[in-house]
Amino acid sequence: AAYERIRSYYLTNKPQKYNQPAFGGGGAELREKLGLGSKKVIVFFGHYDSCGLEPQSSNQRRYHSPFFSSTKDALMAVRAQVDHDPEVAVVFKPHPIDKARYATEKVEGVEIVLDVNVHALLELADVVVAQLTTIQFEAAFYEKPVVLLGHSAWWGRNATYEVNGHKDLHPALLAAL
């Protein structure tokens, strides 16, 4: 009962940590705007690499994300897994403080969104992919499966589809979809 009260509050009030556009028409409006039709949608919420994923030699980076050298590396690995499936789209929202340019990914089949409300993205998603962002926990309120690419607080708790290396990524994405 307590969880349902918290979930109801969250879905009604849509709290946000960072300033962002209004929710608007939510996931349905976003699906139409992005031209996704009836495709399954994987939404990857980026992590700010400078928060611990870089440099690669750091113990913190190896602990939190031992399989991917950066957010871009993780994103490209996800894209590669669904590249030949015309029924699946990948949408990527960089972390709000991540100023990296992701233009290459847009050309290579990933829809990069910057000024989009995270709640609309969560509503749109069939699957959420995350490394360490707190959005992974918020996805639970939307009852979205999470493919976890980093050792967050959920690691080892059977709450997500955990990726223990590049070989686990495709089966995790398929199971979540």
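Structure shown above.
Scoring rules and cut-offs
Residues numbered from 1 in each chain as written. Predicted model: local features only at pLDDT ≥ 70, side-chain atom pairs only at ≥ 80, totals over all residues. Heavy atoms only, no water. Helix = DSSP H or I, 4+ residues; strand = E, 2+ residues; numbered from the N terminus. Rg over C-alpha atoms; globule rule 2.2 N^0.38 Å. Buried < 20%, exposed > 50% of the residue type's maximum accessible area, 1.4 Å probe, protein only. Contact = heavy atoms within 4.5 Å. Lys, Arg positive; Asp, Glu negative; His and termini not counted. Charge placed at Lys NZ, Arg CZ, Asp CG, Glu CD. Salt bridge = Lys/Arg side-chain N within 4 Å of Asp/Glu carboxyl O. Expected span 1.5 Å × (residues − 1). Core = buried A, V, L, I, M, F, W, Y, C linked by side-chain atoms within 4.5 Å.

A.B. asks: What is the right way to read the overall build of the chain from this model?
C.D. replies: Scanning the chain from terminus to terminus reveals eight helices and six strands. Listing every helix and strand of the chain by position from the N terminus yields α-α-β-α-α-β-α-β-α-β-α-β-β-α. Radius of gyration (C-alpha) of the chain: 15 Å, near the 16 Å computed for a compact globule of 177 residues. Here the C-alpha coordinates of the chain stretch approximately 40 × 40 × 30 Å along the principal axes. Taking all 177 residues of the chain together, 46% fall into the buried category. Of the contacts made within the chain by residues no fewer than 6 positions apart, 59% connect residues no fewer than 24 positions apart. Placing the 19 positive and 20 negative side-chain charges of the chain at their respective mean positions leaves the two points 4 Å apart.

A.B. asks: What should I look at first to understand the pattern of salt bridges in this one?
C.D. replies: On inspection of all chains with the given rule, the structure shows five salt bridges. The salt bridge involving Asp-126 is made with Arg-31; its shortest N-O contact spans 4.0 Å. Taken together, the positions of Asp-126 in the loop between α6 (118–124) and β4 (127–130) and Arg-31 in helix α2 (residues 26–33) put the pair 95 residues apart, joining distant regions of the chain. By relative accessible area, which is 21% here, Arg-31 ends up partly exposed.

A.B. asks: How should helix α4 (residues 71–82) be read in this particular structure?
C.D. replies: Between its terminal C-alpha atoms α4 stretches 17 Å, which fits the 16 Å expected from 12 residues at 1.5 Å a residue. Of all the positions in α4, only Thr-71, Ala-74, Leu-75, Met-76, Ala-77, Val-78, Arg-79 and Val-82 are classed as buried.

A.B. asks: Even after reading the chapter, I still don't get the nonpolar core, so can you show me in this structure?
C.D. replies: If you look at soluble globular proteins, the nonpolar side chains tend to sit buried side by side. Core analysis: the biggest nonpolar cluster contains 25 residues, and Phe-45, Val-91, Leu-121 and Leu-122 have the highest contact counts within it. Of all the secondary structure elements, the ones that give two or more residues to this core are β1 (40–45), β2 (88–93), α6, α7 (135–141) and β5 (146–148). The element that contributes the greatest number of residues to this core is α6, accounting for five residues. In contact with Val-91, not counting residues within four places along its chain, are Leu-34, Leu-36, Val-41, Ile-42, Val-43, Phe-44, Glu-111, Val-113 and Leu-121. Grouped together as the second largest cluster of nonpolar side chains are 23 residues, Phe-68, Ala-74, Leu-75 and Val-147 included.

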